[in-house]
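# Coordinates in review
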Amino acid sequence: MPKNNEPDEMSKDLLKWLEEEDPFGLNEDINTILFKCKDCRKEDDVPDFVVADFQVDKKKGEEVEIECPFCGGTLLRAKESPK
């Protein structure tokens, strides 16, 4: 049985939909919050949805702490940035 390398109608429709739409939100702007490491002092922009995930089990006013991608230390929300 010879194989047909042409996409079927459903595949064509799917490809057309993927080209026209942004079904996975890849073209959306991502809002970030600036964090600064207590240890190495480097700054990192963390997506706000990640920060929101870490705030779920925090008490009101308690700071979110995230692991620093540079040194493994603790990132805290930057109060002021020299940028």
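The following paragraphs examine the structure supplied in this document. (Residues numbered from 1 in each chain as written. Predicted model: local features only at pLDDT ≥ 70, side-chain atom pairs only at ≥ 80, totals over all residues. Heavy atoms only, no water.)

Once that is clear, we can look at the overall build of the protein chain. Secondary structure assignment for the protein chain yields 2 helices and 4 strands. When the elements of the protein chain are put in sequence order from the N terminus, they spell out α-β-β-α-β-β. Taking all 83 residues of the protein chain together, 17% fall into the buried category. (Helix = DSSP H or I, 4+ residues; strand = E, 2+ residues; numbered from the N terminus. Buried < 20%, exposed > 50% of the residue type's maximum accessible area, 1.4 Å probe, protein only.)

On to a nonpolar patch on the surface, then. Together, L14, L15, W17, L18, F24 and L26 line one region of the surface with nonpolar side chains, adding up to about 660 Å² of accessible area. Residue position: W17 is located in helix α1 (residues 9–20). (Patch = residues over 30% accessible without salt bridge, like charges linked within 9 Å, V, L, I, M, F, W, Y side chains within 5 Å. Areas by Shrake-Rupley, 256 points an atom, 1.4 Å probe, with all protein chains shown as cover. Salt bridge = Lys/Arg side-chain N within 4 Å of Asp/Glu carboxyl O.)

Moving on, we come to the pattern of salt bridges. A complete count under the given rule lists 2 salt bridges for this structure. Linking K12 and E9 is a salt bridge whose minimum nitrogen-to-oxygen distance equals 3.9 Å. Here the residue K12 and the residue E9 both occupy positions in helix α1, the gap between them amounting to 3 residues, near one helical turn. On the accessibility criterion, E9 (53% relative accessible area) is exposed. In this structure, the salt-bridge partner of K79 is E63, at a minimum N-O distance of 3.9 Å. Here K79 is found in the segment after β4 (74–77), whereas its partner E63 is found in the loop between α2 (48–55) and β3 (66–67), with 16 residues between them in sequence. Assessed through its relative accessible area of 35%, E63 is described here as partly exposed.

Right, let's talk about unusual backbone geometry for a bit. Positive phi values are uncommon outside glycine, yet R41 reaches one of about 70 degrees. By secondary structure assignment, the location of R41 is in the loop between β1 (32–37) and β2 (43–47).

Spatially, the 4 strands line up as an open sheet ordered β2-β1-β4-β3, and their pairing is antiparallel. Edge positions in the sheet fall to β2 and β3, since each has one partner strand and no second. The sheet contact formed by β3 and β4 spans 2 bridges and is antiparallel. Its bridge partner lying in β4, E67 is registered against T74. Docked against the sheet, α2 engages β1, β2, β3 and β4, running at close to 80 degrees with respect to β2. (Pairing = 2+ DSSP bridges. Contact = heavy atoms within 4.5 Å. Axes fitted to C-alpha atoms, helices over the stretch in contact; angles between N-to-C directions.)

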